[in-house]
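Structural characterization, general
The residues making up each chain are set out below.
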Amino acid sequence: MLKKIARFFFSIILAFVIVFGGFWVFFGDTVKEEYAAYKKSSAPILLYHAVGEPVEIEWPPGMILPASLFEEHLQYLTQEGYQIITVAELAERLKLGYSVEKFVAMSFDDGYKNNHSDALPLLKKYNAKASFYIVDRDIGKTIYMNQSQLLDLLANDMEIGSHTINHAPLALIDPKYLPWEVGSVKKFLEKKLNGYVLQGKAYPNGGYNKNVINAMQEYGFVYGLTGKVGANTHQNFAKAPYEMYRISIVDDGSGLEGFKRRLERAYIWGYLQTKGIDLNILREMLMK
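Let us look at the overall build of the chain. Broken down by element type, the chain carries ten helices and twelve strands. The burial tally for the chain puts 48% of its 288 residues in the buried class. Taking the contacts inside the chain whose residues are at least 6 apart along the sequence as the reference set, 66% of them involve residues at least 24 apart. Within the structure as shown, the chain displays about 14,500 Å² of accessible surface, and the carbon and sulfur contribution to it stands at 56%.

Structure representation (structure tokens):
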């Protein structure tokens, strides 16, 4: 049975490669022009977790980036002329229809202590900004940032957002708990941050559904971050502000080249979506 499923998915991928390859051969110049135009009108959101010394978390080793590699990412983006901003700033630009050419937003999930000790100094060094999505129950625990460190992020023009109270998989929990995991946590965090108003939430494991989107709107969030790969455009944001795209950044052993490939992947997947080809659907099917 598994072999049949694997062959089925392989045939889909093979068919896609053949069709797209033929399309590229016959319409290559047009595709290149369209892709270049798409890149100018879209912006990726980069997803990091831990940066710096290893921490005791149940993540694959690649999820913890050495600080030196993170600095290479910042150097590359700066040299390429990117402006590195918060997700809230990107959402505002998209909402108003401002240019996002050579803009990239940076985000960190879970609120690890080394986001403050290792990532923040490098962000400041390169005049970059980032958004940090915090699990409320973990604030102040051994490997997580405390209230003082979160306030210091804000003092350095960073953004703080919600990652729920319990890192709950929002698409899987009983909808009756959404007021708690979406609404109440917003109030809890805003109180701990001396009245700072949260604008965004990153969905744990990227999962969400219509009930989650309705709750996000009801409780006053401006945007939501999914686990779907792509880049963000004015059109996407106007249609679905609670379904923004991100690309996960990991240490895959290939150094800066691996980062470049992932950055380009965000643009490519986003461009294909404009052609009616959403690779996230295939990705979700393979992960089930």
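Okay, back to it.
Counted according to the given criterion, the structure contains one cavity of 30 Å³ or more. Approximately 30 Å³ is the volume attributed to the largest cavity. Taken together, Asn232, Asn236, Phe237, Ala240, Glu243, Met244 and Tyr245 form the lining of the largest cavity. By residue class, the composition of the lining of the largest cavity is four nonpolar, two polar and one charged.

Glancing now at the environment of Trp180. Inspection of the secondary structure assignment puts Trp180 in helix H6 (residues 178-192). The spacing of Trp180 and Asn166 is 14 residues in sequence and 10.0 Å in space, taken between C-alpha atoms. The residues touching Trp180, leaving out its near neighbours within four places in the chain, are Ile165, Asn166, Val185 and Phe188.

A few words on the pairing of strand S2 (residues 45-48). Burial of the side chains of S2 extends over both faces: Ile45 and Leu47 are buried on one face and Leu46 and Tyr48 on the other. Sheet topology places S2 next to strand S12 (residues 247-248); two bridges connect them, and they run parallel. Of the residues in S12, the one forming a bridge with Leu46 is Ile247.

To continue, consider the packing of helix H2 (residues 67-79) against helix H9 (residues 255-274). For the pair H2 and H9, interaxial distance at closest approach is 10 Å and the crossing angle is 55°. For the element pair H2 / H9, the angle class is oblique. As H2 runs across H9, the sense of the crossing is right-handed. Between H2, through Leu69, Glu72, His73, Tyr76 and Leu77, and H9, the contact on the second element is made entirely by Gly255, Leu256, Phe259, Lys260 and Leu263. When the residues that make up the contact of H2 with H9 are grouped by side-chain class, the tally is six nonpolar, two polar and two charged.

How each quantity is defined
- Residues numbered from 1 in each chain as written.
- Predicted model: local features only at pLDDT ≥ 70, side-chain atom pairs only at ≥ 80, totals over all residues.
- Heavy atoms only, no water.
- Helix = DSSP H or I, 4+ residues; strand = E, 2+ residues; numbered from the N terminus.
- Buried < 20%, exposed > 50% of the residue type's maximum accessible area, 1.4 Å probe, protein only.
- Contact = heavy atoms within 4.5 Å.
- Areas by Shrake-Rupley, 256 points an atom, 1.4 Å probe, with all protein chains shown as cover.
- 1 Å grid on protein atoms, 1.4 Å probe; cavity = no way out; pocket = protein on both sides within 12 Å on 5 of 7 lines; lining within 4 Å.
- Points joined across faces, edges and corners; volume = space filled by probe spheres on them.
- Nonpolar A, V, L, I, M, F, W, Y, C, P; charged D, E, K, R; others polar.
- Pairing = 2+ DSSP bridges.
- Axes fitted to C-alpha atoms, helices over the stretch in contact; angles between N-to-C directions.
- Parallel < 35°, antiparallel > 145°, perpendicular 65-115°, else oblique.
- Left-handed = near helix turned anticlockwise from the far one by under 90°.

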